[in-house]
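If you want the building blocks of each chain, they are given just below.
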Amino acid sequence: MQRHIHRAAGAAALILCTLSTTSHADTRSLPIADAHIHYSHDSVELTPPERVVALMRAANLKFALVSSSDDNGTQLLSDIAPDLIVPGLRPYRRRGETGTWFRDEGALEYVETLLATNRYATIGEFHLFGDDADLPIPRRIVALAVEHNLVLHAHSDAEAVERLLAQHPDVKVLWAHSGFDGPEAVAAMLAKHDRLWADLAFRSDVGRGGSLSPEWIALFTAFPDRMMLGTDTYTPERMYFLPEHASNARRWLAALPTDIAEGVAWRNAFDLLMPHWQANRATTACELSSDNAVVLSESPLITVTPLTEPEVSQPFSAMLQICGSELHNAAVRLDGSMPSHGHGMNYDPEHTVIADGDDHMTVQVDGLVLHMPGTWAWQVELRTDAGRTTATQAFSLN
Amino acid sequence: MGTWLTRARTASLAGHHRFGAWALALVAAFIAPTELKAQTTFSDDETARIAALGPWPQSVPADPGNALSGQPWAEALGAQLFRDTRLSGSGQIACISCHSPIQGFSEPRRVALGAKQHVRNTQGLWDIGLQRWFGWDGGADSLWAATLRPMLSELEMAGSIDHIANRFRGEQHVIDAIRSHGQDPAALSDTEFTVFLSKSIAAYLRTLTSPQTPFDQFRTDLLSGNLAGQARYPEAAKRGLKRFIGEANCVVCHVGPKFSNGEFHDIGRPFFTGVGQVDGGRYAGIQRLRQDPFNLLGQHTDNPSDSDARKTRTVTLGQSNFGQWRTPSLRNLSLTAPYMHDGSIDTLRGVVDHYADIDPTRLHTKGEAILKPMTLSDVERNDLVQFLKTLSVAERD
């Protein structure tokens, strides 16, 4: 792609070229967070979850916010790719309830039942416009979002967004499709409401032709940490658009400075959604309900939980969790070794802090490769204001 | 043993049909007396370990960063280019010159002889698409980068990017292929043009999946309880297999269906390449990888995936990497003699002897603790050889 840009003769292209070789982002390998994926009943019938995950990985997604009608599709994906899926709870039992759910007690019961069973990061994406946002069922949804630490994912006009935000001082809204409003209108809303974020799902007007208009660049520059990407897989076929959607986004993100491009590509979604998701899923981690968690220390409680079953020489990811006190400013590293062989791994795995509180810390560790069968040991090094702690625990790999 | 195996290899050069029948006759003659002894059986644990050595074949993932991978037209073009001497600087060396199909895409020389004398043994190419790293030192992180390297290496094909591009720019079938990929050949730089050729060859190499072997058949028969089938697997091979997955610890590194963990180890082989000259193995490979403009972090990678490139970002370089070599697959081993990174062992029996009689003082005290001398009788050593031979297809059409 860059080749064609460099060979183009137009003045605008020359400016782009100059900028892209100085301060602008090389986005070719930029990971993407996709904040707008549905895997609804019709899609489940046509595409198995393993294929969906393969498409997401082919698109180089860092993670995906998935909400589905019904919720089954989201759970299917979460089961096989817990490192990739951030689940959202959609108040729809079937597709086609977009215009009725906010007056339907059954939809509310459905949401309450699932909230008692599963864990989520968001409620949505739901469709809600104008003063319908103040009807009893949407008001109850807002209350549930606050009670369960969930972000609202609203396909709404500006009026409904403002009505939702006004219902509780803690509620946050991810504005689906940025309301299909223009960049100036979106900027005005973001300036007015600091609890509002916006996704760009199904917005062909962003990055049309592989370049960004000055208005969109101005929006991303003014609000570098509030905008994020999304595909919107509203039909089963559209799941197969995930890789192209990501590639296309990388093309126009190249017009932005590196920091802003990374923010829109994944970091803004990460910063908004991951603290909610990890806090909600971590209530079980500190209680040690996971069967495959390896406990390295009881106090502080340090656990390593592989996200997929480790196999010899196959790269995998794990969650490293620490529950204790005075963890603010803590730094932590996970390593693996074979004590009886006198060596460890051949890779320095990548650590991403997902939740970082005073009494709880969650770190995703990617690129673990245990290249021989036998007895391995996890080793964790924890540095806090109080000093350095190490913990180790042996485990067997067959 | 050494003598007749060497002769068998020579015979295979003349005609591998004849070699298969002849070798089988020899094997039968050798194992016949031991067939009379007690039958070898496998415990549940051993059966599980054997199960983990299959099934075969495995599905081959796409070559990372290669948009041509899996495209039939690219595979066909790559198969032609694999045989094309014009890729080399002299116009006289093709990939196939050293990677001979009837020898498992390797050659009988100890070390390769390309444009100049090489210091490493030519590796076989069967099942290469299953590898994580490529080359004895893992200096390439994709099959297409591993394909480009010998084209440009002054020891091997000694081509150059501009010569290769210029030679093929007039080739209609190459131009058609590039156009069918949606690109304008004239707009490609020489580097991009040459990378396109290497990606086509890599697409072809990815299709080189080796067939099922007598071992695979035995594994199937063992798991399905087919006693008649199990009885057809030579008793000596069964004993060798038992030791391979058991006390000999071979399976610790030669693990899984491809009989390789894909990583790097020092097994106590010398790595001097001449007086005062040393081949640094994996250490040099990681350095080469990091400097390679064609690695998965570089600009010639198509659709770069964060998880594909993670290995390149995160691989560590340490003292112990000096003199480590990639664990090779053991499939089709009978075809690819001689053995080791420098071809310094002629026969499978020699390989077994190396491990059984390993010199612990060659290994660092912090080195691979599973490598210890074993007291093995002549028969026990040959059992391992007989097992290893069942990882190859003895006869092919």
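If you're wondering where the values come from, they're calculated on a predicted model, not measured in any experiment. (Residues numbered from 1 in each chain as written. Chains lettered and ligands numbered in written order. Predicted model: local features only at pLDDT ≥ 70, side-chain atom pairs only at ≥ 80, totals over all residues.)

**Topic: the domain arrangement of chain B**
Residue and element names in this part refer to chain B. Per the domain assignment, the segments of chain B are domain 1 (2-57 + 213-270 + 330-389) and domain 2 (60-209 + 282-322). With 17 residues of domain 1 in contact, the opposing surface of domain 2 contributes 23 residues. The class makeup of the residues in the side of domain 1 that touches domain 2 is six nonpolar, seven polar and four charged. (Domains from an automatic or database assignment. Contact = placed C-beta atoms within 7 Å. Nonpolar A, V, L, I, M, F, W, Y, C, P; charged D, E, K, R; others polar.)

**Topic: helix α10 (residues 214-224) of chain B**
Residue and element names in this part refer to chain B. Considered for burial, the residues of α10 that qualify are F215, D216, F218, R219 and L222. All buried residues of α10 lie within an arc of 160° about the axis, which places them on one face of the element. Where α10 is buried, its residues meet α3 (44-51) and α11 (227-232). The positive-phi residue at the C-terminal boundary of α10 is G225, with phi of around 75°. (Buried ≥ 20, exposed ≤ 12 C-beta atoms within 10 Å, placed from the backbone. Helix = DSSP H or I, 4+ residues; strand = E, 2+ residues; numbered from the N terminus. Arc of directions from axis to C-beta.)

**Quick notes on the domain arrangement of chain A**
Residues and elements named next belong to chain A. Under the domain assignment, chain A is made up of domain 1 (2-284) and domain 2 (294-397). Summarising the inter-unit geometry, the C-alpha centres of domain 1 and domain 2 are found 31 Å apart. In this assembly, seven residues from domain 1 lie in contact with eight residues from domain 2. When grouped by side-chain class, the residues that make up the side of domain 1 that touches domain 2 number five nonpolar, one polar and one charged.

**Topic: the sheet that holds strand β5 (residues 151-156) of chain A**
Residue and element names in this part refer to chain A. What the eight strands build is an open sheet, ordered β1-β2-β3-β4-β5-β6-β7-β8; its pairing is parallel. Among the strands making up the open sheet, the edge pair consists of β1 (32-37) and β8 (227-228). One ladder, built from two bridges, connects strand β7 (residues 196-199) with β8; its direction is parallel. From the neighbouring strand, D199 faces β8, where its bridge partner is M228. In the packing of helix α7 (residues 136-147) onto the sheet, the strands contacted are β4 (122-128) and β5, and the crossing angle to β4 comes to about 160°. (Pairing = 2+ DSSP bridges. Axes fitted to C-alpha atoms, helices over the stretch in contact; angles between N-to-C directions.)

**Comments concerning the interface of chain A and chain B**
Accessible area lost upon the coming together of the parts serves often as the stated size of an interface. Facing the 25 residues of chain A at the interface are 25 residues of chain B. Where the side of chain A that touches chain B is concerned, the elements lending two or more residues are α1 (2-7) and β15 (360-368) of chain A. Broken down by class, the residue content of the side of chain A that touches chain B amounts to six nonpolar, twelve polar and seven charged.

**Structural notes on the confidence of the model for chain B**
Residue and element names in this part refer to chain B. Confidence in the prediction for chain B averages 89 pLDDT; 88% of positions are at 70 or higher. pLDDT under 50 marks residues 1-29. Its contacts with residues more than four places away, or in other chains, come to 28 contacts. As scored by the predictor, the complex reaches a pTM of 0.74 and an ipTM of 0.83. (pLDDT = per-residue confidence, 0-100.)

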